[in-house]
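So you can see what is in the structure, the chains are spelled out below.
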Amino acid sequence: MAASPRHFLDLRDFDGAALGRIIASARQRKQARSGWPKGKPDPDLPLKGHMLALIFQRPSTRTRVSFEVAMRQLGGEVLALSANETQIGRGETIADTARVLSRYVDAIMLRASDHTHLAELAEHATVPVINGLTSLTHPCQVMADVMTLEEERGPLAQQKIAWVGDGNNVAASWIQAVALLGGELRLGCPEQLAPEPRNLAWAAKNNAAIRLTTSPQDAVRGANCVITDAWVSMHDEDAASRHNLLKPYQVNAALMKLAAPGAMFMHCLPAHRGEEVTDDVMDGPHSAIFDEAENRLHIQKSILLHCLKPGA
Ligand code: CP
Ligand code: NVA
């Protein structure tokens, strides 16, 4: 029987050492090409001859561009598909799509409208599948975020992190990252928008230092990194009630004052300026938002290499 493909579906499928190796390899490649033009490939061309398909059931700027540029810098080829322009849009099953695409390409990244689509794709594909965001998690984003935080402030295990707002897909991957790599995470979320209990229970079993509160102030007090995200994610439909619930959770100068002096601010972007975060925090001296965006490129490379070139 053929070996199972090396998927990248969720952080909790890995151990901390494996995640640490992926981040270390991203850091090395980033340093090695510092100042180079973006179109210049990495000299070793490790994915020469490999083809990656990107499927989007939802819009994207960062995930699409960072995967495309990453694949090209590694010497590979890429094709991006909007799911609606494929037969998925007319009802062809994800399982059959997985079987067909596996005959054409070496790996598939999916941005899914629903987490079950990712699971179905991974079950039926014979090539690696990468999670490019689902309704439940966003692991590639949080790998880039951990890389960014560690570049600025040292090992995750030494950080006090506050998540403020919706207990959403990005928060879920942060919960998994902290459970596997260490650090303290306080989540300040309205009760109705608390993180998924199953994910929290899994993290508790891993002895993660994670605490949940409904108070944004309690979450942020003394933290050296404050993170938030959109109030309404791409799969959410209840925009008006979310705005009402989340208004007290805005990250602004007054909230940041409760954090440790010089605390970093992070946001996966796109941001809704004036809603979940104010301009002065977004554009302030301790905002790492564009470093996070840049690190998407570097981390995608090591995720692709993990999936396609084990041991390289
Ligand atoms: N952060 C992120 O995934 O951005 P995109 O939706 O632009 O891909
Ligand atoms: N939580 C957001 C992240 C966007 C990158 C969403 O799912 O829309």
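Residues numbered from 1 in each chain as written. Chains lettered and ligands numbered in written order. Predicted model: local features only at pLDDT ≥ 70, side-chain atom pairs only at ≥ 80, totals over all residues. Heavy atoms only, no water.

1. Details of the site of ligand 1
And then number 1: In the vicinity of ligand 1, the residues found are Ser60, Thr61, Arg62, Thr63, Arg111, His138, Gln141, Cys268, Leu269 and Arg296.
And then number 2: In this structure, an oxygen atom belonging to ligand 1 sits 2.7 Å away from a main-chain N or O atom of threonine 61.
And then number 3: In this structure, glutamine 141 approaches ligand 1 through a side-chain N or O atom, which is 2.8 Å from a nitrogen atom.
And then number 4: With the chains in place, 96% of the 260 Å² that ligand 1 exposes on its own is no longer accessible. (Near = heavy atom within 4 Å. Polar contact = N/O pair within 3.5 Å; in protein donor to acceptor, adjacent residues only side chain to side chain. Areas by Shrake-Rupley, 256 points an atom, 1.4 Å probe, with all protein chains shown as cover.)

2. A closer look at the sheet that holds strand S7 (residues 209-213)
And then number 1: With parallel pairing, 5 strands are arranged side by side in an open sheet as S7-S6-S5-S8-S9. Pairing within the sheet leaves two strands with one partner each, and these edge strands are S7 and strand S9 (264-267). Neighbour-to-neighbour, the strand axes of the sheet open up by a mean angle of 20°, direction not taken into account. (Pairing = 2+ DSSP bridges. Helix = DSSP H or I, 4+ residues; strand = E, 2+ residues; numbered from the N terminus. Axes fitted to C-alpha atoms, helices over the stretch in contact; angles between N-to-C directions.)

3. Structural notes on the nonpolar core
And then number 1: Phe8, Ile130, Ile161, Trp163, Trp174, Ile299 and Leu304 are the most contacted members of the largest nonpolar core, which has 58 residues in total.
And then number 2: The element that contributes the greatest number of residues to this core is helix H6 (residues 169-181), accounting for 8 residues.
And then number 3: Residues in contact with isoleucine 130, not counting those within four places in the same chain, are Phe8, Phe67, Ile108, Met109, Leu110, Leu118, Cys140, Ile303, Leu304 and Cys307.
And then number 4: Membership of the second largest hydrophobic core comes to 20 residues, among which are Leu193, Leu246, Val251 and Val277. (Core = buried A, V, L, I, M, F, W, Y, C linked by side-chain atoms within 4.5 Å. Buried < 20%, exposed > 50% of the residue type's maximum accessible area, 1.4 Å probe, protein only. Contact = heavy atoms within 4.5 Å.)

4. What about H6?
And then number 1: Between the first and last C-alpha of H6 there are 18 Å, a value that for 13 residues agrees with the 18 Å anticipated at 1.5 Å per step.
And then number 2: Of all the 13 residues making up H6, 12 are buried; the element is thus mostly covered by neighbouring parts of the structure.
And then number 3: What H6 keeps buried is the set Asn169, Val170, Ala171, Ala172, Ser173, Trp174, Ile175, Gln176, Ala177, Val178, Ala179 and Leu180.
And then number 4: The N-cap of H6, judged by a side-chain oxygen 3.1 Å from the amide nitrogen of valine 170 a few residues on, is asparagine 168.
And then number 5: Note on H6: the residue one or two positions beyond its end, glycine 182, has a positive phi of about 95°. (Expected span 1.5 Å × (residues − 1).)

5. A look at the sheet that holds strand S4 (residues 129-131)
And then number 1: Taken in spatial order, the 4 strands line up as S2-S1-S3-S4 in an open sheet, and their pairing is parallel. The two strands at the open ends of the sheet, each matched to only one other strand, are strand S2 (77-82) and S4. Recorded for the sheet is a direction-independent mean angle of 20° between the axes of neighbouring strands.
And then number 2: Examined bridge by bridge, strand S1 (residues 51-56) and S2 share 6 bridges and lie parallel to one another. By the bridge assignment for S2, isoleucine 55 is matched with leucine 81.

6. Structural notes on the pattern of salt bridges
And then number 1: Here the structure, examined in full by the defined rule, presents 16 salt bridges.
And then number 2: The partner of lysine 301 in a salt bridge is aspartate 42, with the nearest N and O atoms 3.2 Å apart. You can see lysine 301 sitting in helix H12 (residues 289-308) and its partner aspartate 42 sitting in the loop between helix H1 (16-32) and S1, a full 259 residues away along the chain. Per residue, the accessibility class of lysine 301 equals that of aspartate 42, and both read buried. (Salt bridge = Lys/Arg side-chain N within 4 Å of Asp/Glu carboxyl O.)

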